[in-house]
Amino acid sequence: MSTLRVGTITDLAGTGSPYQKGSVIQVKYYQLIDNTTLNYGSQRNADVSIPNFQIVITPASTNSIIKLDAQFTFGHTGNNRDYLFGFLRDGTKLANSGSDLSASDLVPPGSYITRRRGIMPAYSSISINNQNVMSVASYTYFDTPATTSPVTYNAFVSSYDLNNTIFINCAQQTTSIGSESGTSWISATEIGG
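**Description of the overall build of the protein chain**
Here's step 1: Scanning the protein chain for helices and strands turns up one helix and 11 strands.
Here's step 2: Across the protein chain, helices and strands are ordered from the amino to the carboxyl terminus as β-β-β-β-β-β-α-β-β-β-β-β.
Here's step 3: A burial count over the protein chain gives 38% of its 193 residues as buried.
Here's step 4: Once local pairs closer than 6 in sequence are excluded, the contacts in the protein chain between residues at least 24 apart make up 83%.
Here's step 5: Here the protein chain has roughly 10600 Å² of accessible surface; of this, 49% comes from carbon and sulfur atoms.

Here's what the structure looks like:
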């Protein structure tokens, strides 16, 4: 019986490790530590990209799996707890396929009876507008982009409230006693497939 021990394994060109199925190939991340705002538009249930909350990753193989993770901390001015979160890949929504829904249920957004598709519904600690309370949404999605070209992943939020403001990483009144603040992050992990 022989034992082979090596410090590193490189490809024939000497430029890096070979691609291995099931292994972590690379990790990209972005952490948002500043407080900022997102003014949600006047269209109900629209998927609005969270500003600067994105990752660009170039998969090593068309067989790779991209594990997306996000934690989003926020406060809001709306009276609703009806927020939904998810990811966009190069502008295309990654979510429940909606195969059980008719086309009229999927588009256009705007009515209360429209079923929305996403990855993570979030909640507020109380059901009314509270300027000192924050919520957190943590969610994961496994994507198979089938490309070796750069892919951009954005996080989005959807709300039933109209014209509300979402306070990223803070409650509305950040200087008030009892108000909270936090951090938000997004990451993409390439797994050999």
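From this point on, the discussion continues.
**Here we look at the nonpolar core**
Here's step 1: In this structure, Ile 50, Phe 53, Phe 72, Phe 85 and Ile 166 are the most contacted members of the largest nonpolar core, which totals 28 residues.
Here's step 2: Of all the secondary-structure elements, those providing two or more residues to this core are β3 (48-57), β4 (65-76), β5 (83-89), β8 (135-143), β9 (151-159), β10 (165-168) and β11 (184-191).
Here's step 3: Filtering out sequence-adjacent residues up to four positions away, Phe 72 remains in contact with Ile 50, Phe 53, Phe 85, Ser 135, Val 136, Ala 137, Ile 166, Ile 168 and Ser 184.

**Remarks on the pattern of salt bridges**
Here's step 1: Applying the stated rule across the entire model yields three salt bridges.
Here's step 2: Residue Lys 67 pairs with Asp 69 through a salt bridge whose shortest N-O separation is 3.0 Å.
Here's step 3: Arg 89 is paired through a salt bridge with Asp 143; the nearest N and O atoms lie 2.7 Å apart. A residue pair is termed long-range when its members are at least 10 positions apart, and Arg 89 in strand β5 and Asp 143 in strand β8 qualify at 54 residues.
Here's step 4: Owing to a relative accessible area of 3%, Asp 143 belongs among the buried residues under this scheme.

**A short note on the confidence of the model for the protein chain**
Any region with low pLDDT has predicted coordinates that should not be read closely.
Here's step 1: Mean pLDDT for the protein chain: 78, with 67% of residues reaching 70 or above.
Here's step 2: Looking over the protein chain, one finds the lowest element-wise mean pLDDT in helix α1 (residues 103-106), namely 48, and the highest in β11, namely 96.
Here's step 3: Segment residues 103-112 is flagged for pLDDT under 50; beyond a separation of four residues in sequence, or across chains, it makes 16 contacts in the model.

**Quick notes on the packing of aromatic side chains**
Here's step 1: Taken as a whole and assessed by the stated rule, the structure comprises six aromatic pairs.
Here's step 2: Taken together, Phe 53, Phe 72, Phe 74, Phe 85, Phe 87 and Tyr 139 form an aromatic cluster joined through their ring pairs.

**Describing the side chain of Thr 189**
Here's step 1: Among the secondary structure elements, Thr 189 is positioned in strand β11.
Here's step 2: A residue is classified by how much of its surface remains accessible, and Thr 189, at 13% relative accessible area, is buried.
Here's step 3: In this view, Thr 189 contacts Val 24, Gln 26, Val 27, Ile 65, Ile 66 and Lys 67; residues no more than four positions away in its chain are not counted.

The rules behind each value
Residues numbered from 1 in each chain as written. Predicted model: local features only at pLDDT ≥ 70, side-chain atom pairs only at ≥ 80, totals over all residues. Heavy atoms only, no water. Helix = DSSP H or I, 4+ residues; strand = E, 2+ residues; numbered from the N terminus. Buried < 20%, exposed > 50% of the residue type's maximum accessible area, 1.4 Å probe, protein only. Contact = heavy atoms within 4.5 Å. Areas by Shrake-Rupley, 256 points an atom, 1.4 Å probe, with all protein chains shown as cover. Core = buried A, V, L, I, M, F, W, Y, C linked by side-chain atoms within 4.5 Å. Salt bridge = Lys/Arg side-chain N within 4 Å of Asp/Glu carboxyl O. pLDDT = per-residue confidence, 0-100. Phe/Tyr/Trp six-rings, centres within 6.5 Å; stacked < 30°, edge-to-face > 60°.

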